[in-house]
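# Coordinate analysis (summary)
Here's the letter readout for the chains.
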Amino acid sequence: MSRARLLVLAALAGVAATVSLGACKSDNKPKATTVASASADPFKIDDEDVPVSVDYEEEALKSITPDNVEEEVAKMEKELE
């Protein structure tokens, strides 16, 4: 296997492990925040507005299966080119 493919597979395994461990904790949900008023700084970006890997883990776990993992890795490698 190529180094890139191994890195992608390792990342997917890490995501799966993180999600399965995090699913056991009930306090792992983000807390609600207040909506910024119109007079607030228009250039301020709240943390919840910035997508992070956790936002994509559930979708990845549903869409990537042992049957299609090779296809998904090939898609990711093509995107990285």
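Quantities reported herein were computed from a predicted structural model and do not represent experimental measurements. (Residues numbered from 1 in each chain as written. Predicted model: local features only at pLDDT ≥ 70, side-chain atom pairs only at ≥ 80, totals over all residues. Heavy atoms only, no water.)

## Notes on the pattern of salt bridges
- On inspection of all chains with the given rule, the structure shows 3 salt bridges.
- E58 serves as the salt-bridge partner of K62, at 3.2 Å between the closest nitrogen and oxygen. Here E58 and K62 lie together in helix 2 (residues 53-63), a separation of 4 residues that amounts to about one turn.
- Linking E72 and K75 is a salt bridge whose minimum nitrogen-to-oxygen distance equals 3.4 Å. Residue E72 and its partner K75 are both found in helix 3 (residues 69-80); the two are separated by 3 residues, about one turn of the helix.
- Assessed through its relative accessible area of 48%, K75 is described here as partly exposed. (Salt bridge = Lys/Arg side-chain N within 4 Å of Asp/Glu carboxyl O. Helix = DSSP H or I, 4+ residues; strand = E, 2+ residues; numbered from the N terminus. Buried < 20%, exposed > 50% of the residue type's maximum accessible area, 1.4 Å probe, protein only.)

## Quick look at a nonpolar patch on the surface
- Together, I45, V50, V52 and V54 make up a nonpolar patch on the protein surface, roughly 360 Å² of accessible area in all.
- With respect to the secondary-structure elements, V52 resides in the loop between helix 1 (3-22) and helix 2. (Patch = residues over 30% accessible without salt bridge, like charges linked within 9 Å, V, L, I, M, F, W, Y side chains within 5 Å. Areas by Shrake-Rupley, 256 points an atom, 1.4 Å probe, with all protein chains shown as cover.)

## Thoughts on the layout of surface pockets
- Roughly 200 Å³ of internal volume is contained in the second largest pocket.
- V8, A11, L12, E72, K75, M76, E79 and L80 are the residues that line the second largest pocket.
- Those elements giving two or more residues to the lining of the second largest pocket turn out to be helix 1 and helix 3.
- Sort the elements by how many residues they give to the lining of the second largest pocket and helix 3 lands first, with 5 residues.
- Residues that form the lining of the second largest pocket fall into these classes: 5 nonpolar, no polar and 3 charged. (1 Å grid on protein atoms, 1.4 Å probe; cavity = no way out; pocket = protein on both sides within 12 Å on 5 of 7 lines; lining within 4 Å. Points joined across faces, edges and corners; volume = space filled by probe spheres on them. Nonpolar A, V, L, I, M, F, W, Y, C, P; charged D, E, K, R; others polar.)

## Overview of helix 3
- With 12 residues, helix 3 ought to run about 16 Å at 1.5 Å a step, and its terminal C-alpha atoms sit 17 Å apart, in line with that.
- Those residues of helix 3 not exposed but buried are E72, V73 and E77. Viewed end-on, helix 3 has its buried residues packed into an arc of 140°, placing them on one side of the element. In this structure, helix 3 carries E71, K78 and E79 as exposed residues pointing more than 90 degrees from its buried face. (Expected span 1.5 Å × (residues − 1). Arc of directions from axis to C-beta.)

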